[in-house]
4 protein chains.
Amino acid sequence: MPTILGQNQYGKAENRVVKITRDGATHHIKDLNVSVALSGDMEEVHYSGSNANVLPTDTTRNTVFAFAKEHGVESAEQFGIHLARHFVTSQRPIHRARIRIEEYDWERIATSDGREGKHSFVRKGQETRLTQVTYDGETWEVVSGLKDLTVLNSTDSEFWGYVKDKYTTLKEAYDRILATSVSARWRFNWTGDAERMPDWEASYGEVRKHLLQAFAETYSLSLQQTLYQMGARIIDHRGEVDEVRFSLPNSHHFLVDLEPFGLKNDTADGAVYVAADRPYGLIEGTVLRDGCEARIPADLTDL
Amino acid sequence: MPTILGQNQYGKAENRVVKITRDGATHHIKDLNVSVALSGDMEEVHYSGSNANVLPTDTTRNTVFAFAKEHGVESAEQFGIHLARHFVTSQRPIHRARIRIEEYDWERIATSDGREGKHSFVRKGQETRLTQVTYDGETWEVVSGLKDLTVLNSTDSEFWGYVKDKYTTLKEAYDRILATSVSARWRFNWTGDAERMPDWEASYGEVRKHLLQAFAETYSLSLQQTLYQMGARIIDHRGEVDEVRFSLPNSHHFLVDLEPFGLKNDTADGAVYVAADRPYGLIEGTVLRDGCEARIPADLTDL
Amino acid sequence: MPTILGQNQYGKAENRVVKITRDGATHHIKDLNVSVALSGDMEEVHYSGSNANVLPTDTTRNTVFAFAKEHGVESAEQFGIHLARHFVTSQRPIHRARIRIEEYDWERIATSDGREGKHSFVRKGQETRLTQVTYDGETWEVVSGLKDLTVLNSTDSEFWGYVKDKYTTLKEAYDRILATSVSARWRFNWTGDAERMPDWEASYGEVRKHLLQAFAETYSLSLQQTLYQMGARIIDHRGEVDEVRFSLPNSHHFLVDLEPFGLKNDTADGAVYVAADRPYGLIEGTVLRDGCEARIPADLTDL
Amino acid sequence: MPTILGQNQYGKAENRVVKITRDGATHHIKDLNVSVALSGDMEEVHYSGSNANVLPTDTTRNTVFAFAKEHGVESAEQFGIHLARHFVTSQRPIHRARIRIEEYDWERIATSDGREGKHSFVRKGQETRLTQVTYDGETWEVVSGLKDLTVLNSTDSEFWGYVKDKYTTLKEAYDRILATSVSARWRFNWTGDAERMPDWEASYGEVRKHLLQAFAETYSLSLQQTLYQMGARIIDHRGEVDEVRFSLPNSHHFLVDLEPFGLKNDTADGAVYVAADRPYGLIEGTVLRDGCEARIPADLTDL
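It should be emphasised that the depicted structure is a prediction, and the values quoted were computed from it without experimental measurement.

### Looking at the interface of chain A and chain D
It is common to report an interface's size as the accessible area lost on association of the parts.
Next up, step 1: Contact residues are listed per partner, giving 80 residues for chain A and 80 residues for chain D.
Next up, step 2: When the two sides are added together, the surface that chain A and chain D hide from each other amounts to roughly 6700 Å², 51% of it contributed by carbon and sulfur.
Next up, step 3: Together, A:Val163, A:Tyr167 and A:Tyr228 form the three largest contributors to the area buried by chain A at its contact with chain D, with a combined 11%.
Next up, step 4: At the junction of chain A and chain D, the tally comes to 6 salt bridges.
Next up, step 5: Residue A:Arg278 pairs with D:Glu14 through a salt bridge whose shortest N-O separation is 2.8 Å.
Next up, step 6: In this assembly, chain A and chain D are joined by 49 residue pairs in polar contact (both at pLDDT 80 or more).
Next up, step 7: Elements with a minimum of two residues in the side of chain A that touches chain D: β1 (3-13), β2 (15-23), α1 (43-47), α2 (57-70), β4 (94-104), α5 (223-237) and β13 (280-289) of chain A.
Next up, step 8: The leading source of residues in the side of chain A that touches chain D is β1(A), at 11 residues.
Next up, step 9: Among the residues forming the side of chain A that touches chain D, the class breakdown is 33 nonpolar, 30 polar and 17 charged.
Next up, step 10: Of the pairings in the sheet, the one linking β13(A) to strand β1 (residues 3-13) of chain D comprises 9 bridges and is antiparallel in character. Directly across from A:Arg289, in β1(D), lies its bridge partner D:Thr3.

Structure representation (structure tokens):
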């Protein structure tokens, strides 16, 4: 045969699971989008169409919903671990499972007497939380992250001293807006020791906090510098994380030229910007704990 | 000529204006998407292509940015009023201006010493705030609103006692999730009296609060009932609003049948739901202050 | 009661119906997205939550799928007529039904021996075809249309002779690209005479053809002129259509300034343009058969 | 320093270039979306913010537009080769360039006298064509592809004989719809020999044709089998391609249960299906020319 099969994986994607837990009249919500990808001894289904080794994607969907009941949803990471372990250990032909989860956060609606609602929620709508759990029967890899966290510094950003070639027309900037929509992934150094499992929920909140603080507190000479500071701050403060990867569109805000209308539009006060769509700068990079290996792919895909 | 021109309007849509105001080291941000639509004596440009009465859409864009500097952006409503007045009063052929504005809300990033950031922001990402200002040289109409405010009650919702015909298979529900993504528009009764202009910013916060509280506090026998309660609550509490229109998708959350796996999945505790995409119920309706006329179109378009 | 109910409607939106008809080994496909909106005696469900007059949205969904089997899908318009008639005539509290349908077109995949495939299809992917059927028990209104039909003339477009005010900086253009993504709706003058029902499928093809030809063959001095020509051409050629409404974004293609790099970029040959996103001009207008009344709303919503 | 920099890249993304070439009154159009990513000696900009090695993303944008004039746009692949070579050879700190291009296809509008329009176009709207050119100063890699090519077989698809575990409820299917939205990437074995450069335009058309024919002509026992056949057919017929990777969502079309309404809905004729959104099966895999190495990443990202 002149062709052969390479890497392959399959499963049910985007299972929208909502779990409501009741604590008396107070309810708790977990809102997930779970995607399963399995791989293993799958040559035959590709070559001849024999499904003898294929657990249907429909079954992987059923398993996601059943596990939400059987194991609960303590955290997206923990839920992914339950699922990945199940597929690899219960099905001989399956050697590797990758579970990707998006999580949507909700907050309680305040009632008219000023208290927190017990079972009424409004979707927070800020970033989407992500996790990916991979298990091959021996080693675990957990990469968590977020996307669509839009941030902006209205000052403390400059850009100058760059290379100028014959196609360069950009003017240097000494006080500009720096804005981006953060897409980040961070890899935990946990590889399966049940005794030393991170507190996934607490970890997420702390990583997110350091990321935001580093963005806000870095006087920036380039978006690359800000990227590095965000990654370094996370690794410095969070021993459970060894690697952080960012994809940061430079969401350009250009000062509008108002001189034709007799108006001065500088950054001193009341500056008017146009928020541009395309094209945009795109800055991507990995920050590593010294001595650690990079494993997050250079081209991020949605987890 | 066997054909004639009917209603028409034109202008520059989606001008992305960001205004930064400095109060010492503390900055304030207004982030708008402004669309201009003008109409008037425009027969000739349609019939012959003569642009003698046409103020270019490019000029309407310039005006938006220049006005952000000249008049500031106190509120989206006030900014729309400045623009609409300008186009109608400065250009003889223009008889009517409609300004639509989307507003994106930002919150301050907390710094590592626990204080609010002075010039660092994270986009709130919840609902999008809307307004539409229309002026024909005599009367003002202001319709504000919001879209993409996603809410969910995990109990206190039933649905039974409905009509059953030969195509009815739905089972009655006595404890279900009620979820929707609110799209709402509310019309102010202000028509131009400069002395009695509403406090647009305060009004928005109050309307939004009453809408959310009514959603949370209504024990619901149908989404229509909840819709009406939300509208009535707003009109009861806010004298400046005479009419509210809602478009509410019923974002179905179905209890998953886990019996094939020997699991009981009822609402008593730990219920697992699948959040469905399409199809969805769509409930639309207007609530009016008694004696007032409905003017918001029955089919909402994005403002 | 200080508040009252205004216009309201409800039903199941976005039912994705695919119908396969077999003609021996040759199959035919109809691919629709059907949305139902019903109104009538619905005060009580809003005021008290009583569903005694409410046919569930779930039932309207079932009806859509059952009717695809019972009546077939001859055309989207004909299918909408079956559905609208059913809801209004079979349910006393329902006084008006509005059926909106999107249709996706497919073409056959050619096989390796050069013939048309019998049951293999590739989605055409160009415009989305639309229709809206409204029935109140007496009168029928059918409005069909399309959206996302992207067209471009690379010459034969000018723009000059416009109004200049203090905010005008635009330079006149004597040879520009004219591009838009057509959203159009056209109203049939058919109001229910079964003997004189239009051939909906043939009509769509003809209207679309005249629209495209008018776009291509109009030497344009403004997008408004092109809009009018497209509408007039349709009404002139198609006696079944009395009214056409367009929403035409002016998809700007700007000549790039290459002078800083010693390059001349004029339209004579090899011109390089940047296709801009936002803002964009937005030109909307209605063309009517003389003596007819405009009934398509000025602000189009997706059918 | 406890942290170090890993892989990084930067550049201007999504430059929307439109090139019009005139051949007398007949015009030709190339419509591209070009993204530049550069990497090299970029430690310092990350560590200290020094931009001494940084060619601004704004300059990369200018270069894209200038090159469209200077070199023309013969094909997306050839245009990417010009750009990648320029960045790597003209800037000492830049060691690697990756150019990604989306291409949108247009067809001519027929005029009313039945001829092809000379300078009027309608966007084809089917798949988006993709290419990625990578150059590190020594070796070239060209990966082309497409996305959003939606195909459907209305018969000749079965699914049975699969693994059944305690979570399996799926019924076997002996005549089902098989539908997917193809995302594919194929890697050329060309590595830089100017004499033996493929005819990129011709190659694209042929690869696309074989892909579609293999989809249509494979009697399918699983989507994996169809995937493999599509890849094998391409490699068998096109000597310039060594590797093909697919990401194929299984776009489920479920037979609707119409028995509650006394209707039989089988596949014999006039079958009614519901096209489902989420979840969906997701089948991904690589097909290789025997003896060749896989280099397309297992998780595709938009080129």
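### Some details on the packing of aromatic side chains
Next up, step 1: One pass over the full model with this rule turns up 40 aromatic pairs over all chains.
Next up, step 2: Look at B:Phe67 and C:Tyr167: their rings are 5.9 Å apart centre to centre, the planes differ by 70°, and that puts the pair in the edge-to-face class. Taken together, the residues span two chains, with B:Phe67 in helix α2 (residues 57-70) and C:Tyr167 in the loop between β8 (140-153) and β9 (178-188).
Next up, step 3: Residue classification places C:Tyr167 among the buried positions, given a relative accessible area of 3%.
Next up, step 4: Connected via pairs of aromatic rings, a cluster forms that spans A:Tyr135, A:Trp140, A:Phe188, A:Trp190 and A:Trp200.

### Thoughts on the relation of the copies chain D and chain B
Next up, step 1: With an RMSD of 0.0 Å, chain D superimposes on chain B once it is rotated by 180° and translated 0.0 Å along the axis. Interpreted geometrically, this transformation is the action of a two-fold axis. It is D:Asp277 whose C-alpha, among those of chain D, lies nearest the rotation axis, at 3.4 Å.
Next up, step 2: Both copies present the same face, since 100% of the interface residues in chain D are matched by interface residues at the equivalent positions in chain B.

### Let's talk about the pairing of strand β6 (residues 116-123) of chain C
Next up, step 1: Direction of pairing for strand β5 (residues 106-110) of chain C relative to β6(C): antiparallel, over a ladder of 4 bridges. Paired with C:Trp106 across the bridge in β6(C) is C:Arg123.
Next up, step 2: Two successive antiparallel strands, β5(C) and β6(C), enclose a turn made up of 5 residues, where C:Gly114 displays a positive phi of approximately 85°.
Next up, step 3: In terms of strand pairing, β6(C) meets strand β8 (residues 140-153) of chain D through 3 bridges, oriented antiparallel. Paired with C:Val122 across the bridge in β8(D) is D:Val151.

### Considering the pairing of strand β7 (residues 128-135) of chain A
Residues and elements named next belong to chain A.
Next up, step 1: Here β7 lies mainly inside the structure; 8 of its 8 residues are buried.
Next up, step 2: Here β7 shows two buried faces, one formed by Thr128, Leu130, Gln132 and Thr134 and the other by Arg129, Thr131, Val133 and Tyr135.
Next up, step 3: Bridge analysis of β4 against β7 gives 7 bridges, and the strand direction is antiparallel. Across the sheet, the residue bridging to Ala97 is Tyr135, located in β7.
Next up, step 4: Looking at chain direction, β7 and strand β8 (residues 140-153) are connected through 8 bridges and run antiparallel. Directly across from Thr128, in β8, lies its bridge partner Lys147.

Cut-offs and rules
Residues numbered from 1 in each chain as written. Chains lettered and ligands numbered in written order. Predicted model: local features only at pLDDT ≥ 70, side-chain atom pairs only at ≥ 80, totals over all residues. Heavy atoms only, no water. Contact = heavy atoms within 4.5 Å. Buried area = accessible area lost by both parts, 1.4 Å probe. Salt bridge = Lys/Arg side-chain N within 4 Å of Asp/Glu carboxyl O. Polar contact = N/O pair within 3.5 Å; in protein donor to acceptor, adjacent residues only side chain to side chain. Helix = DSSP H or I, 4+ residues; strand = E, 2+ residues; numbered from the N terminus. Nonpolar A, V, L, I, M, F, W, Y, C, P; charged D, E, K, R; others polar. Pairing = 2+ DSSP bridges. Phe/Tyr/Trp six-rings, centres within 6.5 Å; stacked < 30°, edge-to-face > 60°. Buried < 20%, exposed > 50% of the residue type's maximum accessible area, 1.4 Å probe, protein only. Least-squares fit on C-alpha atoms with pLDDT ≥ 70 in both.

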